[in-house]
Amino acid sequence: MFDTIRNGIAWYQDPYGFLDQRIEQKHYDFRVDLPGSDGAMFVGTPDLIAEAVRNKHLIGGAGLRFVQPFTGPRALIVIAGADHQQRRRAVQKMFYQAHNQRMQALTDKHFAAAARELQPGRDFSLLPFYEQVTLRTIIDYVFDPDEAEHSQLYALMHQWMKSFESPIWLFLKPLQRDLGSFSPWGRFLRGRQAVSDWIASRLDSTPAGSASVLGQLIGERQSGALEISDEDLVWQCIELLLFGHDTAACGAAWVAMHLLDNDMMASPELESRAYREACIKEALRITPMVIHVTRIATADTTVGNETILKGQKVFPCAYLAQRHHEHYDHPDKFDPGRFLQDAPDKYANFPFGAGNRLCAGMPFANAQMELLLRRTLELGSIEKLGTGRTTAERKFIIMAPEDGGCVRLKPASGP
């Protein structure tokens, strides 16, 4: 019990550091007891990751039930089987595009508005700056609201998200008690209800097949291609709002901080789109926002030489795989050139998940990160505050640059 608690504290406080200790010992695959996950197996060797992902007795979705207070019991990230595949196909139609002109136009619009608020010579944090852009973008993308409706939902989302800035509420169920509007969990529940009510009010007024994601989903339901209740439509939209903005914002912040850490922000190579995309891939390799995916055994099975009992968890781990010394030379070094050469094994680099649960919005997020980086480079000279290398901290269920990545926009040079 003591080891389980100690492991849990170490994992909660510093997941990167927890895994770095294993990497130093060349332990890429290991068992560990964590609270709620006795005998969990971390897998970081690509061949074993492939085996785990393809194992029919190891399923996704169920291992993410801890996010249900945020996404509901039937969000895409939680459901499994044929239900998951049907919903995934419907959602992918709106997000799995290589050239998404609507996303680009909305992102440009909101980036320009946010950039006008920046003051040369003043400090700011990249992550909140990017989150403002991406949250406003996803609101418009999912609902296509008018200006007043947009402002209302943005305020509701911003207020709700403030109630779970500390991830401790996510992991400790005893703290999830409604003790009134002044208690943390009480504020969370009331914030969630306000967002749910706003979305529910749109269901009858959104035309089926309209440009918004909600309109497209309603159209899919009317055509019979998607079975989804009104309640699940609301939860699905909440999931898109949450995960449809934080991934791109966090990824863009990581890219910028890696470039600043390595004195590369002014590199002429960044004029090339291919090089910018390589920088994004390399940043997500070194500092994956989602450390691992989760699979739960539905029956006794094996991964490699390890027996996995029914109910036990296997964590195919992007952080371990993407720092594996047999697949990457100098894995701690930020080297975008790696991704201008041969692509790595897909199980040696999977920051957006793996197998049939690959993130449905991956192309959307990748394209938006590239656009955010490009527009950031156009702002002018940005300098990092402090001299140490950027460290990571938990933010909800993702790993973000510490303090959001504090920078300063340098004043333009005089004539």
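Above this note sits the structure.
Q: Explanation requested: the overall build of the protein chain in the structure shown.
A: Within the protein chain, the secondary structure is distributed over 15 helices and 12 strands. The C-alpha atoms of the protein chain give a radius of gyration of 21 Å, which matches the 22 Å a tight globule of 415 residues would have. Taken along the three principal axes of its C-alpha coordinates, the protein chain extends 65 × 55 × 45 Å. Counting the 415 residues in the protein chain, one finds 54% classified as buried. Partitioning the intrachain contacts of the protein chain with sequence separation of at least 6 by distance along the chain shows that 71% fall at a separation of at least 24. For the protein chain, the exposed surface amounts to about 19100 Å²; the carbon and sulfur share of it is 50%. For the protein chain, the distance from the average position of its 45 positive side-chain charges to the average position of its 50 negative side-chain charges is 2 Å.

Q: What is the right way to look at helix α15 (residues 362–379) in this model?
A: Each full turn of the α-helix corresponds to 3.6 residues, which orients residues three or four apart in the same direction. Taking 1.5 Å as the rise per residue, α15 with 18 residues should run 26 Å; its terminal C-alpha atoms sit 26 Å apart, in good agreement. Within the sequence span of α15, burial applies to P363, F364, A365, A367, Q368, M369, E370, L371, L372, L373 and T376. Along its buried surface, α15 packs onto α5 (81–95), α6 (101–115), α7 (126–143), α12 (230–261), α13 (273–286) and β9 (382–384). Just beyond α15, the residue with positive phi is G380, at close to 130°.

Q: Would you explain the sheet that holds strand β8 (residues 313–316) in this entry?
A: The pairing of strands in a sheet comes from backbone hydrogen bonds and takes either a parallel or an antiparallel form. Taking strand neighbours across the sheet as the criterion, the five strands line up as β1-β2-β8-β5-β3 in an open arrangement whose pairing is mixed. Each edge of the open sheet is held by one strand with a lone partner, namely β1 (29–34) and β3 (58–59). Of the pairings in the sheet, the one linking β1 to strand β2 (residues 37–43) comprises five bridges and is antiparallel in character. Note that in β2 the partner of V32 across the bridge is A40. Packed onto the sheet, helix α1 (residues 2–13) meets β1 and β2 and runs at close to 105° relative to β1. Lying on the sheet, helix α3 (residues 46–54) is in contact with β1, β2, β3, β5 (295–297) and β8; it crosses β8 at an angle near 130°.

Q: Is there a simple way to explain the packing of α7 against helix α8 (residues 147–162) in this structure?
A: What describes two packed helices is the angle between their axes and the distance between those same axes. At a closest axis distance of 10 Å, the pairing of α7 and α8 adopts a crossing angle of 125°. Relative to α8, the element α7 is oriented oblique. The element α7 and its partner α8 pack so that their crossing is right-handed. Here Q132, L135, R136, I139, D140 and F143 of α7 come into contact with α8, specifically with H150, L153, Y154, M157 and M161.

Q: I keep staring at the packing of aromatic side chains and nothing clicks. Help me out?
A: One pair of aromatic rings is described through two measures. These are the centre distance and the angle between the planes. Following the criterion strictly, the structure yields 16 aromatic pairs and no others. Residues F30 and F42 carry aromatic rings whose centres are separated by 5.1 Å and whose planes lie at 15° to one another, so their mutual orientation is stacked. Residue F30 is found in strand β1, and its partner F42 is found in strand β2; the two are separated by 12 residues along the sequence. For the pair F30 and F42, a shared accessibility class is recorded, and that class is buried.

Q: I would appreciate a short explanation of the nonpolar core in the present structure.
A: When a protein is soluble and globular, its nonpolar side chains tend to lie buried together. With 46 residues, the main nonpolar core has F95, F143, M157, I199, L241 and L242 as its most contacted residues. A per-element tally of this core places α12 first, with nine residues. The contacts of M157, once residues within four sequence positions are left out, are L135, V195, L241 and L242. Listed in part, the 42 residues of the second largest apolar core include F111, V133, L284 and A400.

Q: What am I meant to see in the pairing of strand β11 (residues 398–401) here?
A: Looking along a regular strand, one sees side chains alternate from face to face of the sheet. Bridge count for strand β10 (residues 392–395) against β11 is four bridges, and the pairing is antiparallel. Each residue of the ladder has a partner; that of A392, found in β11, is P401. What sits between the antiparallel neighbours β10 and β11 is a turn of two residues, in which F396 has the positive phi angle 60°.

Q: What should I look at first to understand the sheet that holds strand β4 (residues 123–125) in this one?
A: Taken together, the three strands give an open sheet; going across it, the order is β4-β12-β9, and neighbouring strands pair in antiparallel fashion. At either end of the open sheet lies a strand with only one pairing partner, and these are β4 and β9. Strand-to-strand, the axes of this sheet are offset by a mean angle of 40°, without reference to chain direction. Two elements, β9 and strand β12 (residues 406–409), share three bridges in a ladder whose sense is antiparallel. Its bridge partner being in β12, I382 is matched across the sheet by L409.

Reading the values: rules and limits
- The residue numbering used here restarts from 1 in each chain and proceeds along that chain's sequence as written.
- Note on the predicted model: pLDDT of at least 70 is required for a residue's local features to be given, and 80 or more for side-chain atom pairs to be given and counted; whole-chain, interface and lining totals, by contrast, use all residues.
- To get the side-chain values, take all heavy atoms of the structure and skip hydrogens and water.
- Only DSSP runs of H or I covering at least 4 residues are called helices, and only runs of E covering at least 2 are called strands; the numbering of each starts at the N terminus.
- In this description the radius of gyration comes from C-alpha coordinates, and the expected globular size is given by 2.2 Å times residues to the power 0.38.
- Partly exposed describes any residue whose relative accessible area lies between the buried limit of under 20% and the exposed limit of over 50%, with all areas from a 1.4 Å probe on protein chains only and scaled to the type maximum.
- The contact criterion used throughout is that any non-hydrogen atoms of two residues lie within 4.5 Å.
- Surface accessibility follows the Shrake-Rupley procedure with a 1.4 Å probe radius. Residue values consider only the protein chains on display as shielding.
- Note that His is not counted, nor are the chain ends; the positive residues are Lys and Arg, and the negative ones are Asp and Glu.
- One atom stands in for each charge, and that atom is NZ of Lys, CZ of Arg, CG of Asp or CD of Glu.
- Multiplying one less than the number of residues by 1.5 Å gives the expected span of a helix.
- One bridge is not enough; two strands pair if DSSP finds at least two bridges between them.
- Convention adopted: a line fitted to C-alpha atoms gives each axis, helices being fitted over their contacting stretch, and angles between N-to-C directions are expressed from 0 to 180 degrees.
- For this classification, under 35 degrees means roughly parallel, over 145 means roughly antiparallel, 65 to 115 means roughly perpendicular, and everything else is oblique.
- Handedness of each helix crossing follows the sense of rotation of the near helix against the far helix: counterclockwise by less than a right angle gives left-handed, clockwise gives right-handed.
- Whether two aromatic rings pair depends on their centres lying within 6.5 Å, for rings of Phe, Tyr and Trp, where Trp uses its six-membered ring; planes under 30 degrees apart make the pair stacked, over 60 edge-to-face, and the rest tilted.
- Take the buried residues of types Ala, Val, Leu, Ile, Met, Phe, Trp, Tyr and Cys, join any two whose side-chain atoms come within 4.5 Å, and each joined set is a nonpolar core.

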